[in-house]
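In case you want the letters, here they are:
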Amino acid sequence: MTIVPSTPLRVVLIGFGPVGVRYAEELLPEIASGRIRLTVLGAEADDPYNRVLVAEYATGELEREDLAIADPSELRAAGADVLTGVRATAIDRETREVVLGDGRRVPYDRVVLATGARATVPPLDGLEHVGPDASGLDDALTEGVCVLRTPEDAERVRSVVATGGRVVVLGAGVLGIELALLLAHAGAVPSVAHFGPMPMPRQLDRGSASVLAAALETAGVHVVPHTRAEAIIARADENGVRRFHALVSSDGRRIEGDLLVLSCGVRARSELAEAAGLRVDRGVLVDDRLRSWTDPAIHAIGDCAHIGDPVHLHDAHVPGGPSGLVGPGWRQAEWLARALRDELDGIETAPFAEDVPGVVALKAAQVDLVSAGDVSADQFAPVPAGEDAPGVAMWADPQHGTYVKMVTRDGALTGFVAVGMPRAGAELSVLYSRRGELPSDRSLLLRLDTAEDAGPRTTGREATLCVCNGVTEGTVEDAIDDGCETVADVGRCTRAGTGCGGCRARIAEMIGAREAAAL
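A quick note: this is a predicted structure, and the numbers were derived from the prediction, not measured. (Residues numbered from 1 in each chain as written. Predicted model: local features only at pLDDT ≥ 70, side-chain atom pairs only at ≥ 80, totals over all residues. Heavy atoms only, no water.)

A. The arrangement of the sheet that holds strand β2 (residues 36-42) in detail. Spatially, the five strands line up as an open sheet ordered β3-β2-β1-β7-β21, and their pairing is parallel. Strands at the two margins of the open sheet, each flanked by one partner only, are β3 (81-84) and β21 (298-300). Strand after strand, the sheet turns through a mean of 15° between neighbouring axes, direction not considered. Sitting on the sheet, helix α1 (residues 18-26) is in contact with β1 (9-14), β2 and β7 (110-113), with an inclination near 160° to β1. The sheet contacts of helix α9 (residues 326-344) involve β1, β2, β7 and β21, and relative to β7 the element is tilted by about 170°. (Pairing = 2+ DSSP bridges. Helix = DSSP H or I, 4+ residues; strand = E, 2+ residues; numbered from the N terminus. Axes fitted to C-alpha atoms, helices over the stretch in contact; angles between N-to-C directions. Contact = heavy atoms within 4.5 Å.)

Set out below in structure tokens:
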């Protein structure tokens, strides 16, 4: 039986990015029925867009309209108050009101923080913060320097790509490497400078990093390791504006370019929560019901949420932190919306648990790489007495750009990395997500990428195509049969391809195959 409260539950959602949008969409039936009154506060004036795909827009792979993820008019038609270009400046926990930048106050019964994360800007000599950016959330930087978080940042990159210009990417994490490969594919001249000996150190071991570095050079990406960036050189252009010219490292090396993109990680936008007196670590600390440790009327989801066990209440630092992936944020949004519906119906919801571990895949045509879990185990390292060594199986052929490493505990896959072996990587991704056991003959997985394709492979309608949204091949096939003619159409119908974008090529392939079959 549906319960309609005498007065609707007042929910204020702060943040209108991909995770906030998913939460609002999940509540549409309750908003329309009058059970919940939702107020959405989006600091950016633009309609919500997929920040994960901004790099593809920057390099011409997508157009601006391809970034759209929601139409606010649907929420407004259901009865939600959607305010864009409006910033929340404070949460008054005593009066239970959210204070807006223009002085208005919005009363709440619950607040949901989906404020996301901001790019880390390293302190570089010569780098100026020249005022607020277009969103008003962050600072604009010296001309020719950006962080690639917004469409406006992407348009700066597009102008350089259009002339085949030189782009320096500072940082060799997943996003930095993906951007550099996209830039090379688009005809720009990218260099990746990073501190330390190897790219993607959080996801790769030494062997896979070495194979990746070689593949990057082959793809046209110049890699500059061991770069401790200290300064930029900027020169006045014909209009007298200081413009980026070169990145300078501590040993005096200069990497010249027409644009510098900072890809140095992110940190949670938790200032609003901290100012409200909420406990914050790497994000807003929430329990397994996504409630603030400090105030159960306030929740946090996505990149601003740090899920931690309150047993660490008195510890200086709490284990864990935001995953940085859109898939987990979406699952948090869906769980929280379901928990609120259940609460209105008097039903107890099981605590939130992340059932699908994060799998990281490069979205690049030139290099196929997928990784998950801890791959640092050394198969030749001595094992302390009383401890069981993890199982490690590895295959490497650096000359041909292939590498696979699998780490197991009690036969179950706990970590893996695959470079240059797309079918093995796909099978390992499924096994890892399902916490499955590897075949006793590990070489069966290696054979997936041979011409004979002799090994078993997850296929058919039940195979997962979109990991971010858990969409199967069969669901996408049905959407195409029902009239979806483009990748964007499939995304609107099924949500496939609207996350990291790694499955968009496969969706396009399926659409093309269906069109060819119809001829």
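Now that the structure has been shown, we can carry on.
B. Spatial organisation of the environment of Val 112. Along the chain, the position of Val 112 falls in strand β7. Relative accessible area serves as the criterion here: at 1%, Val 112 is assigned to the buried category. For Val 112 and Ala 333, which are 221 residues apart along the polypeptide, the C-alpha to C-alpha distance reads 9.6 Å. Sequence-distant contacts of Val 112, that is, excluding residues within four places in its chain, are made with Val 11, Val 12, Leu 13, Ile 14, Tyr 23, His 299, Ile 301 and Leu 336. (Buried < 20%, exposed > 50% of the residue type's maximum accessible area, 1.4 Å probe, protein only.)

C. Local environment of the packing of aromatic side chains. Within this structure, the stated rule accounts for two aromatic pairs. Between the aromatic rings of Trp 335 and Phe 352, the centroid separation amounts to 6.1 Å while the plane-to-plane angle is 75°, which identifies the pairing as edge-to-face. With Trp 335 in helix α9 and Phe 352 in the loop between α9 and β23 (359-361), the pair connects residues that are 17 residues apart, well separated along the chain. Where Phe 416 meets Tyr 432, the ring centres are 6.1 Å apart and the plane angle is 65°; that geometry is what we call edge-to-face. Highlighted residues: Phe 416 in strand β27 (residues 412-419) and Tyr 432 in helix α10 (residues 422-433), separated in sequence by 16 residues. The burial state of Phe 416 is the same as that of Tyr 432; both residues are buried. The ring of Trp 330 carries Arg 22 above its face, with NZ or CZ at 4.2 Å from the centroid. (Phe/Tyr/Trp six-rings, centres within 6.5 Å; stacked < 30°, edge-to-face > 60°. Lys NZ or Arg CZ within 6 Å of the ring centre and 35° of its normal.)

D. Broad picture of the packing of helix α12 (residues 473-481) against helix α14 (residues 504-518). Close contact between α12 and α14 brings their axes to 11 Å; oriented N to C, the two are set at 45°. Our classification of the angle between α12 and α14 gives oblique. Crossing handedness for the pair α12 and α14: right-handed. Touching Glu 473, Val 476, Glu 477, Ile 480 and Asp 481 of α12 are Arg 506, Ile 507, Met 510, Ile 511 and Arg 514, all from α14. (Parallel < 35°, antiparallel > 145°, perpendicular 65-115°, else oblique. Left-handed = near helix turned anticlockwise from the far one by under 90°.)

E. Structural view of the packing of α1 against α9. The geometry of α1 relative to α9 is characterised by a closest axis approach of 8 Å and an angle of 30° between their N-to-C directions. Taken together, the axes of α1 and α9 are roughly parallel relative to one another. Both α1 and α9 take part in a crossing whose hand is right-handed. Along the contact surface, α1 presents Pro 18, Val 19, Arg 22, Tyr 23 and Glu 26, while α9 presents Val 326, Gly 329, Trp 330, Ala 333, Glu 334, Leu 336, Ala 337, Leu 340 and Arg 341. Partitioning the contact of α1 with α9 into residue classes produces nine nonpolar, one polar and four charged. (Nonpolar A, V, L, I, M, F, W, Y, C, P; charged D, E, K, R; others polar.)

F. Focus on the nonpolar core. Counting residues in each nonpolar core, the largest one holds 56 residues, and the members touching the most others are Ile 14, Tyr 23 and Leu 113. Contact partners of Ile 14, with chain neighbours within four places excluded, come to Leu 41, Ala 88, Ile 91, Val 98, Val 111, Val 112, Leu 113, Ala 114, Thr 115 and Leu 272. Core analysis: the second largest hydrophobic core is formed by 47 residues, Leu 62, Leu 67, Met 200 and Val 221 among them. (Core = buried A, V, L, I, M, F, W, Y, C linked by side-chain atoms within 4.5 Å.)

G. Summary view of the sheet that holds strand β13 (residues 189-193). Taken together, the five strands give an open sheet; going across it, the order is β11-β18-β12-β13-β14, and neighbouring strands pair in parallel fashion. Each edge of the open sheet carries a strand with a single partner, namely β11 (145-146) and β14 (222-224). In the packing of helix α6 (residues 174-186) onto the sheet, the strands contacted are β12 (166-170), β13 and β18 (259-262), and the crossing angle to β13 comes to about 160°.

H. Geometry of the side chain of Ser 270. Tracing the backbone through its elements, the reader meets Ser 270 in the loop between β19 (266-268) and α8 (271-275). We classify Ser 270 as buried; its relative accessible area is 10%. When residues no more than four places from it in sequence are discounted, the contact partners of Ser 270 are Val 280 and Val 284.

I. Region of interest: a negative patch on the surface. The grouping of Glu 387, Asp 388, Asp 410 and Glu 437 at the surface amounts to a negative patch. Mapped onto the elements of the fold, Glu 437 is located in the loop between α10 and α11 (443-446). The exposure class of Glu 437 is exposed, given its relative accessible area of 58%. (Patch = residues over 30% accessible without salt bridge, like charges linked within 9 Å, V, L, I, M, F, W, Y side chains within 5 Å. Areas by Shrake-Rupley, 256 points an atom, 1.4 Å probe, with all protein chains shown as cover. Salt bridge = Lys/Arg side-chain N within 4 Å of Asp/Glu carboxyl O. Lys, Arg positive; Asp, Glu negative; His and termini not counted. Charge placed at Lys NZ, Arg CZ, Asp CG, Glu CD.)

J. Here's a closer look at the pairing of β12. Among the five residues of β12, four are classified as buried, and the element is accordingly described as predominantly covered. Of the pairings in the sheet, the one linking β12 to β13 comprises five bridges and is parallel in character. Looking at β13, one finds that Val 169 is bridged to Val 192. After leaving β12, the chain enters α6 and then returns to the sheet as β13, a path that is right-handed. In this structure, β12 lies alongside β18, joined through four bridges in parallel fashion. Each residue of the ladder has a partner; that of Val 169, found in β18, is Val 261. (Right-handed = clockwise from strand over helix to strand, strands pointing away.)

K. Region of the structure containing the pattern of salt bridges. Scanning the model with the defined rule gives 28 salt bridges in all. The partner of Glu 56 in a salt bridge is Lys 363, with the nearest N and O atoms 3.3 Å apart. Pair noted here: Glu 56 is in helix α3 (residues 54-58) and Lys 363 is in the loop between β23 and β24 (369-373), with a separation of 307 residues, a long-range link. An identical accessibility class is assigned to Glu 56 and Lys 363; each is buried. Three or more residues joined by partner-sharing salt bridges are found here, namely Arg 118, Asp 138, Arg 267, Arg 269 and Glu 271.

L. Quick look at unusual backbone geometry. Residue Leu 148 is not a glycine yet carries a positive backbone phi of 55°. If you trace the backbone, Leu 148 turns up in the loop between β11 and α5 (151-161). Positive phi values are uncommon outside glycine, yet Met 200 reaches one of about 45°. Mapped onto the secondary structure, Met 200 falls in the loop between β13 and α7 (206-218).

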